[in-house]
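Structure at a glance
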Amino acid sequence: MVQVVVIGGGQAGLATGFYLRRSGLVPGKDFVILDAATQPGGAWAQLWPTLRTFSPTQYSSLPGWMMPPWTGDAGYPLASHVVDYLTRYEQRYGLDVRRSVSVQSVTRGRHGLLQVHSTRGDWEAEAVVSATGTWSRPFVPAYPGSFAGRRVHTAGYRRASDFAGQRVLIVGGGNSAAQILAEVSQVAATTWITLRPPRFLPDDVDGRALFEIATRRHRARQVGEPDSAGVAGLGDIVMVDSVREARDRDVLHARWPFTQLVDHGVRWDDGSESSFDTIIWCTGFRPALGHLTALGLRGPDGRIPTDGTQAIKEQRLHLIGYGDWTGPASATLIGAGRTARDLVAAL
Ligand code: FAD
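Position numbers for residues start from 1 in each chain and track the written sequence from start to end. Confidence filtering applies because this is a predicted model: local features only for residues at pLDDT of at least 70, side-chain atom pairs given and counted only at 80 or more, and all residues used for totals across whole chains, interfaces and linings. Working from all heavy atoms in the structure, the side-chain values ignore hydrogens and water.

1. Details of the pattern of salt bridges
In the sections that follow, a salt bridge refers to a side-chain nitrogen of Lys or Arg positioned within 4 Å of a carboxyl oxygen of Asp or Glu. In this structure the tally under the stated criterion is 16 salt bridges. Note that Asp 277 is salt-bridged to Arg 167, the shortest N-O span being 3.0 Å. Here Asp 277 is found in the loop between strand 13 (273-275) and strand 14 (278-281), whereas its partner Arg 167 is found in strand 8 (residues 167-171), with 110 residues between them in sequence. Exposure classes here rest on a 1.4 Å probe applied to the protein chains alone. A residue is buried below 20% of its type maximum, exposed above 50%, and partly exposed in between. A relative accessible area of 38% means that Arg 167 is categorised as partly exposed. Sharing partners across several salt bridges, the network here consists of Asp 35, Glu 90 and Arg 99. Each helix is a run of DSSP H or I of at least 4 residues and each strand a run of E of at least 2, with the numbering of both proceeding from the N terminus.

In structure tokens:
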């Protein structure tokens with residue numbers, strides 16, 4: 001029996017581990033962090049190698065220890081730098097993450113405890129923190145018809161050269177779409193689809209602004225003032241170097257969505273059709289909550305209603321990461337620490 005089981009050893013699980021340890025709990029004895037992956041880094045270890053964070057290192061840190069600086073590229077590090085940081089972070093604080101342990105379900109057990117069932121045995125815990133992220137649940141919107149060509153999601157994208165010489169349709173209006181478009185358009189004929197006109201942040205707005213807005217939202221919530229729209233009020237796409245370069249090449253033009261998939265491509269609303277070799281879906285992810293199904297907590301929108309990080313219908317369960325609904329910017333490097341601090345205080 002342990003006091004707390006943390007499911008997921010990405011940035012959210014590590015930040016939670018940091019505060020649990022600081023509150024006096026001993027890693028591996030009083031709490032355990034279980035992670036399905038074989039290596040550290042959470043989703044960062046799966047991202048394509050040329051991905052850059054949208055915030056400089058000093059605004060991308062977990063509690064306690066700053067991410068080492070990244071020189072060049074205006075200070076925006078590659079994903080591998082984040083993986084290295086998270087690897088050293090868990091070593092530095094001796095967080096004892098148990099890897100290759102996939103949690104299958106959480107159930108209500110005896111004596112007021114929760115039971116955590118995994119591929120490597122069961123744990124009993126007074127409380128469970130779910131920090132499983134979204135990476136394992138790529139989302140692709142439903143369109144009528146079907147496309148016989150190659151289909152790739154952000155989660156499976158590795159490098160632009162895989163699409164050299166092709167006609168590529170890129171779907172999505174966020175940072176992933178813009179960064180993938182920027183590099184694929186150098187080697188392929190690209191068409192970009194967004195649900196609404198793309199909203200580029202001003203060149204001088206990056207993760208620093210995200211941090212400041214998240215701070216304001218956090219304070220507003222604490223004193224019961226109305227919540228603002230967060231960074232979404234400013235725009236969606238951070239102008240990292242590769243996206244600025246794509247703007248200079250004049251490729252950042254988006255088309256309205258098509259109405260239907262056809263064998264060789266897509267059909268537009270005027271009935272005309274275009275042919276593509278590949279569609280890259282940069283259409284996001286959904287929370288990986290399947291292991292909590294047996295608790296019967298999900299609302300109609302697929303999320304688990306929470307008060308802060310605490311599940312309203314199961315108060316021994318907390319959720320962190322996933323999106324703003326578990327805390328302002330809690331699914332970013334910048335925001336995970338603050339949410340983890342509040343979570344552990346609530347526990
Ligand atoms: P994850 O990193 O996904 O970690 C979850 C962990 O849980 C994984 O290690 C997984 O193995 C484990 N797990 C899942 N299910 C189970 C299970 N059933 N049992 C046991 N273990 C399980 N954020 C920024 O701050 N700056 C950026 O520039 C930035 N860029 C991004 C770019 C892209 C393309 C994406 C997709 C995200 C980006 N983010 C960025 C957002 C965010 O920082 C990441 O998504 C982050 O990885 C979320 O951390 P997490 O710990 O919540 O989840």
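So, next bit.
2. Notes on the sheet that holds strand 13
When DSSP finds two or more bridges between a pair of strands, those strands are recorded as paired. In spatial order, the strands read 11-12-13; together these 3 strands make up an open sheet with antiparallel pairing. The open sheet terminates on both sides in strands that have one partner only, identified here as strand 11 (260-262) and strand 13. The average undirected angle you get between the axes of adjacent strands in this sheet is 25°. Examined bridge by bridge, strand 12 (residues 265-267) and strand 13 share 3 bridges and lie antiparallel to one another. Residue pairing in the sheet places Arg 267 in a bridge with Glu 273 of strand 13. Note on definitions: angles span 0 to 180 degrees between N-to-C directions of axes, and those axes are lines fitted to C-alpha atoms, for helices only across the stretch in contact.

3. Let's talk about the environment of Ser 118
With respect to the helices and strands, Ser 118 occurs in strand 5 (residues 114-118). Once the C-alpha coordinates of Ser 118 and Ala 142 are considered, the two residues, 24 residues apart in sequence, prove to be 32 Å apart. Contacts are assigned to residue pairs with any non-hydrogen atoms lying within 4.5 Å of each other. Excluding residues that lie within four positions of it along the chain, Ser 118 makes contacts with Val 101, Ser 102, Val 103, Gln 104 and Trp 123. Each polar contact in these results corresponds to two N or O atoms within 3.5 Å; when the atoms are within protein, one needs to be able to donate a hydrogen and the other to accept it, and residues that are neighboring in sequence are counted only if both atoms are side-chain atoms. At 2.9 Å, the side chain of Ser 118 forms a polar contact with the backbone nitrogen of Arg 120.

4. Description of the packing of helix 1 (residues 11-22) against helix 2 (residues 79-92)
Contact geometry for helix 1 and helix 2: axes closest at 11 Å, N-to-C directions at 25°. Looking at the two axes, helix 1 sits roughly parallel to helix 2. For the element pair helix 1 and helix 2, the recorded crossing hand is left-handed. Within the contact between the two elements, helix 1 uses Gln 11, Leu 14 and Phe 18 and helix 2 uses Leu 86, Tyr 89 and Glu 90. Among the residues making up the contact of helix 1 with helix 2, the classes are represented as 4 nonpolar, 1 polar and 1 charged. Angle categories: roughly parallel below 35 degrees, roughly antiparallel above 145, roughly perpendicular from 65 to 115, and oblique for all the rest. Left-handed is the label given to a crossing in which the near helix is rotated counterclockwise from the far helix by less than a right angle, and right-handed is the label when the rotation is clockwise. Residues were grouped as follows: Ala, Val, Leu, Ile, Met, Phe, Trp, Tyr, Cys and Pro as nonpolar; Asp, Glu, Lys and Arg as charged; and all remaining residues, including Gly, as polar.

5. Here's the deal with the packing of helix 3 (residues 175-184) against helix 5 (residues 241-248)
It is the contact of helix 3 with helix 5, at a shortest axis distance of 9 Å, that shows an interaxial angle of 60°. Judged by the inter-axis angle, helix 3 sits oblique to helix 5. Handedness of the crossing formed by helix 3 with helix 5: left-handed. Residues Ala 178, Gln 179 and Ala 182 of helix 3 touch helix 5, and the partners they reach there are Ser 242, Val 243 and Ala 246. Partitioning the contact of helix 3 with helix 5 into residue classes produces 4 nonpolar, 2 polar and no charged.

6. So, the nonpolar core
Grouped together as the largest cluster of nonpolar side chains are 63 residues, with contacts concentrated most on Trp 44, Tyr 89, Tyr 157, Ile 170, Val 184 and Ile 280. Going through the elements one at a time, strand 1 (2-7), helix 1, strand 2 (31-34), helix 2, strand 8, helix 3, helix 5 and helix 6 (333-346) are the ones with two or more residues in this core. Viewed by domain, this core spans two of them, domain 1 (2-137 + 286-346) and domain 2 (150-200 + 236-281), each represented by three or more residues. Here, nonpolar core refers to any group of buried Ala, Val, Leu, Ile, Met, Phe, Trp, Tyr and Cys residues whose side-chain atoms link them within 4.5 Å. In terms of nonpolar packing, the next biggest core, distinct from the first, is built from 23 residues, Val 2, Val 5, Leu 34 and Val 116 among them. Domain segmentation is taken from an automatic or database assignment of domains.

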